[in-house]
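This is what each chain is made of:
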Amino acid sequence: MPESTDPTRLAPRLYQQATQMLQRDIVEGRLPDGLALTQMGIAERFGISRAPARRALEALTGMGLLERQQSGRYRVVATGPAPASPPAAEGPRRLIPRMGWEMLYPRIEMEVVSRTSLGGWRLNEAELARHHGVSRTIARDVVGRLQNRGVITKDDSGRWIAPGLTPRHIDELFELRWLLEPVAMEKALPHLPPGLLDAMQAELQSAMAPEAHRDAALLDHLEHRLHVELLSYCGNDALLRAIRLPQSLLIAHHLLYQLTLELFGTEPFLAEHLEIVTRLRTGDIDSAKAALVAHLRISRRRAMLRIEAVQDMIQPEPLSYLERITP
């Protein structure tokens, strides 16, 4: 997937920010000719890990601003005459924003999920940390969140796997959904906050209007309202954890909706959601459950059509921490 399609629009990577600041400091004379720099020192200076510090030093060496020594240190190479009055020294500056797992997670989730329509992938946690220039702790938090969201799982050898969205995998996930979600919906109905169903009905009717603007963000929101927010009131945490795995499909839909918005003309799930919500509003839980199962059964086929449609559109760039699993 081209970098420009990344929805998170993160700031420049940490090594790029460090490179820019060090380049300016060398050119302006804050780091004088002959000064020795180390990976550890640069990491401490900017509050980053050693991986982005090393990349910044290597980039500056390539620019001719540093020279690598046999000791492994780097020596500043002056680019011109020293300033008449050296600039005042600055204290350590941390790069802002400093990458935490919460900021990094959306980007990695999209990097992984966008590739699963092409097949399965192995994820290397250590390489993920190196690639994004973060600590192993942050990488571990990201991987834990991916597992919690059902995006990755461990194979028999203990390796992290992002399963491909194959027909068999899709069938298994949807079967779990139509077995579990109706149970959660029935348990949630007595505990829904006042006005929730009215608001959901109004949103769906508005989205179905001929003049309505429907984009991927709106469809994501409406999917989340029924399949996540409403079910969250079921009061059974174990049931919600069981539902979370098959609902990893909702994450994939975030990408699929962007690329297949016009595939079905008017988005068909809107009318199906409206039928479910309408029956819930009347208290007819049995017919609401039946409508939910019917919706999920037909959604399985639509999901496969979306995946087939995007397979020729996605040409992801290689990522060092993801390895394609050969069928």
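Thresholds, definitions, all that
Residues numbered from 1 in each chain as written. Predicted model: local features only at pLDDT ≥ 70, side-chain atom pairs only at ≥ 80, totals over all residues. Heavy atoms only, no water. Pairing = 2+ DSSP bridges. Helix = DSSP H or I, 4+ residues; strand = E, 2+ residues; numbered from the N terminus. Expected span 1.5 Å × (residues − 1). Buried < 20%, exposed > 50% of the residue type's maximum accessible area, 1.4 Å probe, protein only. Arc of directions from axis to C-beta. Contact = heavy atoms within 4.5 Å. pLDDT = per-residue confidence, 0-100. Polar contact = N/O pair within 3.5 Å; in protein donor to acceptor, adjacent residues only side chain to side chain.

**Focus: the sheet that holds strand β4 (residues 121-123)**
Part 1 of the reasoning: An order of β5-β6-β4-β7 is seen for the four strands of this open sheet, with the pairing classed as antiparallel. Both outer strands of the open sheet, β5 (153-154) and β7 (322-324), are each paired with one neighbouring strand and no more.
Part 2 of the reasoning: Two strands pair when backbone bridges link them, and β4 and β7 are joined in this way by three bridges, in the antiparallel orientation. Considered in β7, the bridge of Leu 123 is made with Leu 322.

**Some words on helix α8 (residues 196-208)**
Part 1 of the reasoning: With 13 residues, α8 extends 19 Å between its outermost C-alpha atoms, agreeing within 8% with the 18 Å of an ideal straight helix rising 1.5 Å per residue.
Part 2 of the reasoning: Of the residues making up α8, those classed as buried are Leu 196, Leu 197, Met 200, Gln 201, Leu 204 and Ala 207. With its buried residues spanning 130° around the axis, α8 presents them on a single face.
Part 3 of the reasoning: Considering only its buried residues, α8 is in contact with α9 (216-230) and α12 (269-281).

**Let's talk about the sheet that holds strand β2 (residues 66-68)**
Part 1 of the reasoning: The strand order across the open sheet built from three strands is β1-β3-β2, with neighbouring strands paired in antiparallel fashion. Either end of the sheet is taken by a strand with one partner, and the two such strands are β1 (36-37) and β2.
Part 2 of the reasoning: For β2 and strand β3 (residues 74-76), the ladder comprises three bridges, and the chain directions are antiparallel. Among the inter-strand pairings, Leu 66 is bridged to a residue of β3, identified as Val 76.

**Brief notes about the confidence of the model for the protein chain**
Part 1 of the reasoning: Taken over all residues, the pLDDT of the protein chain has a mean of 82, while the share at 70 or more is 83%.
Part 2 of the reasoning: Throughout residues 1-11 the model reports pLDDT below 50, and contacts reaching past four residues in sequence, or to other chains, amount to 18 contacts.
Part 3 of the reasoning: Long-range and interchain partners of residues 84-91, a stretch whose pLDDT sits below 50, account for six contacts in this model, where long-range means more than four residues apart.

**Things to note about the side chain of Thr 19**
Part 1 of the reasoning: By secondary structure assignment, the location of Thr 19 is in helix α1 (residues 14-27).
Part 2 of the reasoning: In this structure Thr 19 comes out as buried when scored by relative accessible area, which is 7%.
Part 3 of the reasoning: There is a polar contact of 2.6 Å between the side chain of Thr 19 and the backbone oxygen of Tyr 15.
Part 4 of the reasoning: Once residues lying within four places of it in the same chain are set aside, the contact partners of Thr 19 are Ala 56, Ala 59, Leu 60 and Met 63.

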